[in-house]
Amino acid sequence: MLIDSYERTVDYLRVSVTERCNFRCQYCMPEKPFSWVPKENLLSFEELFEFMKVAIDEGITKIRITGGEPLLREDLDKFIKMIYDYKPSIDLAMTSNAFLLKGAAQKLKDAGLKRINVSIDSLKPEVAKQVAQKDVLSNVLAGVNEALVVGLKVKVNMVPMKGINDNEILDLLEYCKERDMTIRFIEYMENVHAAVDIKGMKSKELLSLIGEKYTITDEGFDSHSPSHYYRLDNGYRFGIIEPYEDDFCKTCNRIRLTAEGQLIPCLYFDEAMSIKDSIKKGDIKGAAAVLKEVVRTKPEKNRWGGDDAESSSRAFYETGG
Ligand code: SAM
Ligand code: SF4
């Protein structure tokens, strides 16, 4: 079992399989980075899988594939199947912008993927285009429908932004409710890579807006979910991810691996340790030692909230969010 210095059990690994993306979301990667990581610097799926085995053997029970856009990486279903075959009981999920999901959903499900979180920031083609800087909406919605048809459990992530999509919060909530999908509103997390003029919305503002139509009951946190859950008077349950709140990090159970093999203890901070050399040398003990050290050095909390609040210099497309 992996336990950090604050007695938190770490059992969740997020794996970014590529930093590349086919969207240019304003809050994440508004411009193409000066250079991409060269392909030869990425760990192959076989190498990543060697580390997945180490992590699972040490106590990881949940793995989420993310990016950049994970569906840009070829043979992703084969990587998922490797993990599934090693331990079928692993909670295997993915986060995607869904642009390429329509043609991939069945293969991913057959490979062992159980759940998918899809990012939808608007149901209006022009607004979705403004956020992603590309005409994306019809592909995204087709991808979501396909995921539901093949039987994947789907959650939706939305980043509400003032003056952009703040008038669509109820529309997205209804869209998800009608399809039996949970929506999670993510408070915009300030970072130096985002467009400078983004103004996010805080939990209180979202609740006040939704509260104009519904009575809301606070249901608190599900054991280790980063999401604070609320229920409407019609029974529908939705989440808000509130990284600025003081208790956000108290139950944090996750670490992150980049496509280059950097193991990251916290989404906010720049610190990381590489598992690349150990994995390339087949040094399983070495990789396990890095994993334990990263867990040991997990910071108590991020610095988005509080008096000394600051933007993060970490790129979301690198860490996988
Ligand atoms: N490309 C995939 C996608 O967009 O779903 C996976 C990677 S993306 C980095 C993972 C999640 O991070 C998405 O739900 C996205 O909305 C969220 N995200 C990215 N930048 C963010 C920011 N600055 N604040 C809050 N959420 C952010
Ligand atoms: Fe790409 Fe996801 Fe970042 Fe948007 S949020 S730019 S889809 S990685």
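Counting of residues starts from 1 at the beginning of each chain's written sequence and follows it residue by residue. Naming scheme: in the order in which they are written, chains are lettered from A and ligands are numbered from 1. Per-residue local features are limited, in this predicted model, to residues with pLDDT of at least 70; the limit for side-chain atom pairs, both in listing and counting, is 80 or more; totals at the level of whole chains, interfaces and linings are taken over all residues. Only hydrogens and water are removed before side-chain values are computed, so all heavy atoms of the structure are retained for them.

*Asks:* Give a description of the site of ligand 2 that names residues and reports values.
*Replies:* With respect to spatial proximity, the complete set of residues near ligand 2 consists of Cys21, Phe23, Cys25, Tyr27, Cys28, Met29, Gly68 and Asn97. The residue makeup of the shell around ligand 2, split by class, is 6 nonpolar, 2 polar and no charged. Any residue with a non-hydrogen atom lying within 4 Å of a molecule or strand is treated as near it. For this classification, Asp, Glu, Lys and Arg are treated as charged, while Ala, Val, Leu, Ile, Met, Phe, Trp, Tyr, Cys and Pro are nonpolar and the rest, including Gly, are polar.

*Asks:* Let's hear about the pattern of salt bridges: which residues, and what values?
*Replies:* Side chains that carry opposite charge are capable of pairing whenever their charged atoms lie near each other. Take a side-chain nitrogen of Lys or Arg and a carboxyl oxygen of Asp or Glu: if they are within 4 Å of each other, that pair is a salt bridge. Within the structure shown, the criterion is met by 15 salt bridges. Taking the shortest distance from any N to any O, the salt bridge between aspartate 91 and arginine 115 comes out at 3.0 Å. On the criterion of sequence distance, the pair formed by aspartate 91 in strand β3 (residues 91-96) and arginine 115 in strand β4 (residues 115-119) is long-range, its members being 24 residues apart. Using a 1.4 Å probe on the protein chains alone, a residue whose accessible area is under 20% of its type maximum counts as buried, one over 50% counts as exposed, and one in between counts as partly exposed. Taking the relative accessible area as the measure of exposure, arginine 115 reaches 17% and is therefore buried. Numbering of helices and strands starts at the N terminus; helices are DSSP runs of H or I of at least 4 residues and strands are runs of E of at least 2.

*Asks:* Can you tell me about the packing of aromatic side chains, naming the residues and giving the values?
*Replies:* Note on aromatic contacts: the rings of Phe and Tyr and the six-membered ring of Trp form a pair at centre separations within 6.5 Å, being stacked when their planes are under 30 degrees apart, edge-to-face when over 60 apart, and tilted otherwise. Applying the stated criterion to the full structure yields 6 aromatic pairs. On the basis of an interplanar angle of 5 degrees and a centroid distance of 4.7 Å, the ring pair of phenylalanine 45 and phenylalanine 79 is categorised as stacked. Here the residue phenylalanine 45 occupies a position in helix α1 (residues 45-58), and phenylalanine 79 occupies one in helix α2 (residues 76-86), the gap between them amounting to 34 residues. Of the two residues, phenylalanine 45 and phenylalanine 79, neither departs from the other in class, the shared state being buried. Ring centres of phenylalanine 185 and phenylalanine 238 lie 6.0 Å apart, and the angle between their planes is 75 degrees; this geometry places the pair in the edge-to-face category. Residue phenylalanine 185 is located in strand β6 (residues 182-186), and its partner phenylalanine 238 is located in strand β9 (residues 237-241); the two are separated by 53 residues in the primary sequence.

*Asks:* Which residues make up unusual backbone geometry, and what values do they have?
*Replies:* At aspartate 75, a position not held by glycine, the phi torsion is positive, near 65 degrees. By the element assignment, aspartate 75 lies in the loop between β2 (62-66) and α2. Here aspartate 180, not a glycine, exhibits a phi torsion of approximately 60 degrees, which is positive. The topology assignment puts aspartate 180 in the loop between α6 (169-178) and β6.

Purely geometric stuff here, so don't read any function into it on its own.
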